[in-house]
Amino acid sequence: MKNMLVQDPYLIDQLRFMQDQESTHYKVDDDYFPSWATASPEARKTMASWSYVIADACQVERETACIATSYFDRFMSTSSHRARGALVSRREFQLVYIVCLVIALKCRAGMQVEPDFVADVICQKVYDQEELNKMEEHILEALQWRLNGPSPHDFIDGFIQLLPSHASSNLKMVSHLTDTAKIKAEAAVLDYSMALQPPSSIAYAAIFTSMRSIDSGEFNTPDKVAWMQNIAGVTGIRTAETDLTSHVICEEDEMERQGPLSPNSFSGIIDLAAPSARSSYMEQEHNNYCSASSTTSSMETFSMASMGSTDFDEASLLDSSIRSQPGCDMENNDTSWTCIADMP
């Protein structure tokens with residue numbers, strides 16, 4: 001190892017154990033959007049984006065939302081009849097994702113989330129408590145109660161500890177590198193193609209693309225090379241093996257430069273976002289996929305549908321979001337998902 005300063009004596013074992021987890025019980029085996037599905041990767045992206053808004057409103061790290069998406073991906077790739085049904089039902093598709101997010105908030109963020117609050121406030125009674133509880137039981141059984149798999153954030157934190165000692169002494173640079181890599185990982189999780197990639201590959205690509213943006217005066221080339229060698233020595237991951245993931249993350253960077261999403265992008269799913277606890281730099285980086293139309297610190301002020309709506313029915317909660325997309329001509333009584341596939 002190249003002058004590595006590892007504070008955690010168990011770090012190498014932890015990283016290798018996490019790699020074993022991601023390649024076995026926590027692996028998403030197959031593409032779960034078959035040709036006959038009416039759901040699409042765009043619908044997944046809409047829900048995953050919404051989960052970041054919920055994470056901000058709950059004042060928890062967006063890692064929790066990434067974990068919820070991993071639960072969702074793993075569940076949808078199982079042989080569960082509820083997972084198959086979600087591929088042809090907007091209502092079931094949303095229910096599955098909402099429950100995965102609730103499980104993540106409970107298990108990984110340590111929040112106490114009451115079923116009546118989820119049903120009455122977040123879901124505006126589109127789903128009742130019994131539906132939520134039954135789906136939670138079904139998802140937990142399908143996942144075999146395996147809820148503690150590694151996230152890209154876990155790997156990023158581990159890889160940062162493999163920095164050469166000279167580079168790791170620059171705390172400002174390390175903090176910037178860590179935060180930027182996590183932002184890129186969170187953006188990459190929105191892309192369905194990343195669902196089939198192990199978290200370690202997403203993390204590696206995120207730190208690799210983040211590292212390239214740091215001036216050589218702060219992080220010189222020999223230290224960058226040494227860091228990549230340290231990571232390869234511990235995990236076996238090398239740059240060539242993550243080309244696809246790096247390409248997707250670079251595409252996300254290009255999307256950031258093109259500007260933020262429309263303020264109405266999530267209007268049918270959530271009516272506001274709480275202020276993020278991150279710095280102004282982090283908020284700016286996230287602006288491309290998180291709409292902040294108003295601010296609040298109370299969890300009880302957000303909901304899946306507009307709190308003032310009186311004509312909200314059991315049609316898909318995604319419909320309103322879908323209708324807000326440019327070029328969508330879906331009529332109010334249309335139950336198809338035709339325009340989801342046409343979303344830009």
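Details of the structure are given in the entry above.
Just so it is clear, the model here is predicted, and its values are computed rather than measured.

### What to know about the side chain of Asp-223
Working step 1: Checked against the element boundaries, Asp-223 lands in helix H12 (residues 221-235).
Working step 2: Here Asp-223 is buried and forms no salt bridge, its nearest opposite-charge partner Lys-224 lying at an N-O distance of 9.9 Å.
Working step 3: Leaving out residues up to four positions away in the same chain, Asp-223 has contacts with Pro-164, His-166 and Ala-167.

### Points about unusual backbone geometry
Working step 1: Not every positive phi belongs to a glycine, and Gln-144 is a case in point at roughly 55 degrees.
Working step 2: A residue is classified by how much of its surface remains accessible, and Gln-144, at 54% relative accessible area, is exposed.
Working step 3: Phi angles above zero are rare outside glycine, and Trp-145 is one such case at about 60 degrees.
Working step 4: Structurally, Trp-145 is set in the loop between helix H7 (129-142) and helix H8 (152-160).

### Regarding the environment of Cys-123
Working step 1: Turning to its location among the elements, Cys-123 is positioned in the loop between helix H6 (115-122) and H7.
Working step 2: A C-alpha to C-alpha distance of 9.4 Å links Cys-123 and Leu-95, two positions 28 residues apart in sequence.

Rules behind the numbers
Residues numbered from 1 in each chain as written. Predicted model: local features only at pLDDT ≥ 70, side-chain atom pairs only at ≥ 80, totals over all residues. Heavy atoms only, no water. Helix = DSSP H or I, 4+ residues; strand = E, 2+ residues; numbered from the N terminus. Buried < 20%, exposed > 50% of the residue type's maximum accessible area, 1.4 Å probe, protein only. Lys, Arg positive; Asp, Glu negative; His and termini not counted. Salt bridge = Lys/Arg side-chain N within 4 Å of Asp/Glu carboxyl O. Contact = heavy atoms within 4.5 Å.

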